[in-house]
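Structural description and commentary
Residues per chain, in single letters:
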Amino acid sequence: MESIWFKPEFSNEIIQNPDILDQTQNVITDIISGRIEITTLVENMAGVLTSKEVDNREKGMRFFTKILMELPQDYLSDIQIKFISKFYVDRLKDNHKIIPTVLEGYLAVIDMKNYNMQNCGEFFTTLFREVPCQSQVRQDRYHIYLTVQKLLERDVNYIKTLGPDFVYGVISSIEGERDPRNLLFLFNFIPIFLKHVPLGHLTEEMFDVISCYYPIDFHPSPNDPAAVTRQDLASALIPCLCAVPEFAEHCLVLLVEKLDSSLRVAKIDSLKLLAESCKTFTTESYKPFLKTLWSSIHREITHKTDNELKMAAHEALSALVSKLATTVNTDQEFENFVKGIIISIQTALAGSTTASQFSQSSKILLTTANASKESCYLVVKCMVPAISAYYEFKTSSKLQIASIEFLGDLYDLAKHWNVLQDLNENIDVIVQLCLLAVSQTTSNYQIAGFRTIIKMADVIKSNLILPFVEVLTYNVQHSQDSELLKISVEAIHAIATHNPEMIMNLVVKGKCDLNNLTEDKINLQKRLNLLSNLASIDDFTKLIIEEMLKIITENEESAPKVIEALNEAISDTTLYTEEKITEIESDHGLIDSVINWLLREIKLGTCEESYNHGFTLIANTISSLPSDKQHQILLKYTKELIDLCKTNDLNFLVIESLYLSIHENLYDFVIKDIMSLSLRLSLNSDNDTVRLKACVLVAHFLNKVEHGQKFDFLYELLKDYLSSCRRDDLSLCPRLIQLYAWITKALVMRSSGQFLFWLEKILVSITNEDYAKEGAEAIRLIVTDFQEYLSRRQHCRITPFYKQRMFQSFSNLTGKLDLLNSEVKEYYLLSWAYILEKTPKSVLNNHPNRVSCLVIDGLEYDNKELLQVMLDVLCHYVQAKHVTVADSLQTILPRLIKLSTYVKSMDVRIKSLQCLFEIAKVYPTSVLLPYKQDVLLDIAPSLDDKKRLVRNMAVQARTRWFLVGAPGENKEN
């Protein structure tokens with residue numbers, strides 16, 4: 001039987017059948033199969049498309065539009081599309097009820113493969129004449145904007161030919177748009193439009209239409225789950241205002257005006273606009289405004305408390321200086337501008353009475369110098385002599401130290417911009433000043449001087465090296481200041497890198513007397529730290545490492561100190577590369593020496609703490625070796641160590657350090673023995689450290705082993721062993737929970753779904769009174785990163801979002817928990833706190849209802865760890881303006897007031913007061929007024945807190961609450 005759409009009666013069917021839209025796929029099938037032409041279909045729909053009843057015509061258009069949207073985009077020919085396009089253009093003149101479907105349908109038409117751009121000229125002419133854009137609903141306005149965008153992307157050259165009438169039509173369509181989503185679309189599209197379509201005489205009109213939104217004054221509805229924010233709109237609007245050079249004068253006049261505004265967001269947006277405009281406007285555009293711009297930037301860049309405003313001012317200054325530097329060879333504007341900044345800041349520096357004031361002013365010069373090579377040269381050339389004179393003129397130690405640090409920063413910039421060769425005299429001045437500083441007896445002077453010298457180690461003249469080294473070696477031998485010791489070692493290393501022969505003679509064979517190293521027992525550790533640091537330099541490696549390994553082998557008393565020094569140095573990846581460590585192991589047998597020492601110490605039963613550096617040194621050395629080298633070492637020691645474990649569990653710690661950092665391709669037959677040994681010791685060893693390290697090694701095996709047969713083998717080995725454990729031995733429970741935690745961590749980090757099985761076991765322990773504490777500790781362990789375990793240095797698999805997965809999985813598992821008693825609930829909430837602390841705030845934003853309930857419950861407990869996390873999350877939710885907090889203020893406010901006097905933690909008191917401050921700052925006056933008087937009264941005791949930071953926060957919170965409902969209250973500020 002022939003379908004109804006083959007007949008003229010189809011029009012009546014469309015009118016009368018409410019389910020006719022469900023038939024579009026059947027119609028499309030007949031069109032594609034060739035049983036009916038689309039033009040024939042239109043003819044059969046003539047009755048409904050030309051009906052006198054508007055609703056009938058709208059229904060017909062909706063049906064035909066749906067057909068077009070579902071047709072393959074490459075099916076219709078250009079002639080058919082031209083016919084349909086003409087038909088839709090005519091429909092633009094129809095009743096306003098028809099327009100939404102026409103706009104939607106034409107979007108489908110222009111997506112067709114064979115659409116001819118020449119069809120759009122008539123469409124736009126009719127659209128702009130017949131359809132007042134801002135009289136349409138939001139979605140229809142969006143469809144108009146989207147049509148313009150798609151056609152521009154399709155053929156920008158044809159769009160240009162449409163001329164001023166088209167541009168005027170676009171301007172008229174945009175003008176008056178108020179919907180934030182549409183505005184965000186427009187602000188992202190307009191810069192593209194402006195870069196391709198000439199505005200001609202309509203430049204000012206276009207700018208006026210865009211600039212009326214500046215600065216953005218918008219607050220999203222708190223009930224909108226995916227609201228467009230003020231920041232979204234402001235960030236998107238800025239590129240529109242400076243999209244083309246023709247906007248320069250209009251934009252800069254507006255920008256200067258808004259910089260003088262009292263509204264903070266206007267200032268920040270204007271500074272960001274200035275920085276952005278430098279990408280587009282010509283240098284000439286800025287010349288009439290330079291004096292005013294610098295005055296405004298200087299005012300905001302020296303703001304006392306608003307860091308965001310200051311940062312925006314620094315970025316604007318940097319962009320402006322960089323822009324002006326492009327004309328350095330053609331006029332004097334750039335040099336005059338930079339010298340004006342220098343003179344202005346020199347005055348501020350001269351008047352500085354505190355290090356903070358000096359730092360604020362010097363940062364302005366650093367920003368200027370960092371903007372371009374030319375500005376760097378000018379600033380360094382002018383400021384080095386000035387600061388040298390300043391150092392002698394100022395007697396304040398803090399100001400003198402700040403000036404040395406400033407010179408070090410200037411040197412960094414001069415090196416970055418490659419202008420050192422033009423500033424030799426200035427560089428010598430800095431070195432001489434540093435020598436003066438390090439000659440002081442005060443450690444702060446020396447630290448500042450050496451920090452700068454470390455940067456300049458490659459340019460110190462040979463005649464000045466000796467005086468620096470004299471001070472440095474004296475520090476290494478006699479100073480008790482740990483920071484000065486550390487910086488002294490770094491300074492010697494930096495100088496040695498560029499002057500190895502001098503340091504070899506002056507330090508290694510001289511002051512440190514490598515050949516008689518152990519005779520000076522008092523300063524041995526300090527000298528060892530220096531030498532192990534220097535051993536990373538090729539010229540020193542052989543001599544120092546050989547002597548150190550000799551001490552490890554022959555000197556029982558000094559060996560632990562050598563091990564400690566080597567471990568500290570080799571752990572620093574900035575000093576020792578993997579290649580360097582491999583070279584040391586291959587040439588000198590580092591691991592052999594350390595293992596022999598460890599086995600000897602374990603046999604003698606010396607203090608366990610002295611072993612730790614040795615274990616870490618082995619693990620870090622192994623991690624740097626290629627697979628074949630690792631394999632050789634494992635074959636050499638494994639069997640012997642397994643046998644030794646039979647008599648002393650502590651020997652397992654050597655096994656753990658060897659296997660901890662192996663590559664994943666080394667999991668061969670021997671792993672079975674090590675895995676079985678690790679499992680046994682993880683539960684049965686009497687030594688806490690051995691049990692922990694055994695759990696860690698099990699975790700490393702499960703994390704790194706290849707997926708498939710090898711993983712399945714180890715996993716079955718694990719399950720078989722655990723199933724053989726005695727069920728009635730309650731003393732095993734805490735040890736099992738620790739093992740479950742490491743297993744869970746290993747599996748979730750490699751993105752294995754099997755972690756859920758073990759996480760459920762941990763959750764069972766959390767809900768048990770006897771083991772809730774251990775269960776919470778297990779959760780903390782899972783979400784905490786450890787540098788020494790399951791890290792990339794040990795070649796472990798680390799899925800980037802494993803903490804988010806933990807959050808989601810724990811949330812799912814705990815979703816249907818029954819009521820918990822008070823003690824269990826505290827550890828349950830503490831477990832949540834550990835997870836929330838490590839979960840990105842962007843993830844928490846998606847679960848405000850669930851998380852806010854946990855946070856509010858957590859505020860009841862006398863647990864510092866729990867309170868700190870929950871207050872932090874609460875503060876975040878307040879700042880993000882989540883309505884869940886506003887709806888619970890009756891419960892939250894009394895708890896925050898109580899915590900503002902929490903005696904066990906100053907941090908908790910400060911954070912609770914900060915939450916009170918943010919609540920008053922963010923939420924509407926109508927929500928806060930009922931609580932105002934009670935809060936003001938109850939917050940008073942915190943004003944007398946013993947701690948100054950608490951008192952300051954209490955003053956801020958009380959002041960903010962006092963302003964609630966006051967005339968002229970401004971939530972933005």
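Preceding block: the structure.
A brief structural summary.

The rules we used
Residues numbered from 1 in each chain as written. Predicted model: local features only at pLDDT ≥ 70, side-chain atom pairs only at ≥ 80, totals over all residues. Heavy atoms only, no water. Axes fitted to C-alpha atoms, helices over the stretch in contact; angles between N-to-C directions. Helix = DSSP H or I, 4+ residues; strand = E, 2+ residues; numbered from the N terminus. Parallel < 35°, antiparallel > 145°, perpendicular 65-115°, else oblique. Left-handed = near helix turned anticlockwise from the far one by under 90°. Contact = heavy atoms within 4.5 Å. Nonpolar A, V, L, I, M, F, W, Y, C, P; charged D, E, K, R; others polar. 1 Å grid on protein atoms, 1.4 Å probe; cavity = no way out; pocket = protein on both sides within 12 Å on 5 of 7 lines; lining within 4 Å. Points joined across faces, edges and corners; volume = space filled by probe spheres on them. Buried < 20%, exposed > 50% of the residue type's maximum accessible area, 1.4 Å probe, protein only. Patch = residues over 30% accessible without salt bridge, like charges linked within 9 Å, V, L, I, M, F, W, Y side chains within 5 Å. Areas by Shrake-Rupley, 256 points an atom, 1.4 Å probe, with all protein chains shown as cover. Salt bridge = Lys/Arg side-chain N within 4 Å of Asp/Glu carboxyl O. Lys, Arg positive; Asp, Glu negative; His and termini not counted. Charge placed at Lys NZ, Arg CZ, Asp CG, Glu CD.

1. With respect to the packing of helix H2 (residues 24-32) against helix H5 (residues 54-70)
H5 packs onto H2 with a crossing angle of 60 degrees between their chain directions and a minimal axis gap of 10 Å. Judged on the interaxial angle alone, H5 and H2 are oblique. For the crossing formed where H2 meets H5, the hand is right-handed. Taking contact as the criterion, the partners of Thr24, Gln25, Val27, Ile28 and Ile31 in H2 are, on H5, Phe63, Lys66, Ile67 and Glu70. When grouped by side-chain class, the residues that make up the contact of H2 with H5 number five nonpolar, two polar and two charged.

2. With respect to empty space enclosed by the protein
Applying the stated criterion across every chain yields a total of one cavity of 30 Å³ or more. What the largest cavity holds in volume is close to 40 Å³. Lining the largest cavity, in full, are Ile144, Tyr145, Val148, Val170, Ser173, Ile174, Leu186 and Phe189. Elements that contribute at least two residues to the lining of the largest cavity include exactly helix H9 (138-154), helix H11 (163-174) and helix H12 (180-196). Per-class residue counts for the lining of the largest cavity are seven nonpolar, one polar and no charged.

3. Some remarks on the side chain of Thr368
By the secondary structure assignment, Thr368 is in helix H21 (residues 355-370). Residue Thr368 is classed as buried on the basis of its relative accessible area, which comes to 0%. Beyond its immediate stretch of four places on either side in the chain, Thr368 contacts Leu317, Val321, Val338, Ile341, Ser375 and Val379.

4. Thoughts on a negative patch on the surface
On the surface, a cluster of negative charge is contributed by Glu175, Glu204, Glu205 and Asp208. Checked against the element boundaries, Glu204 lands in helix H13 (residues 203-211). Glu204 gets classed as partly exposed once you look at its relative accessible area, which sits at 45%.

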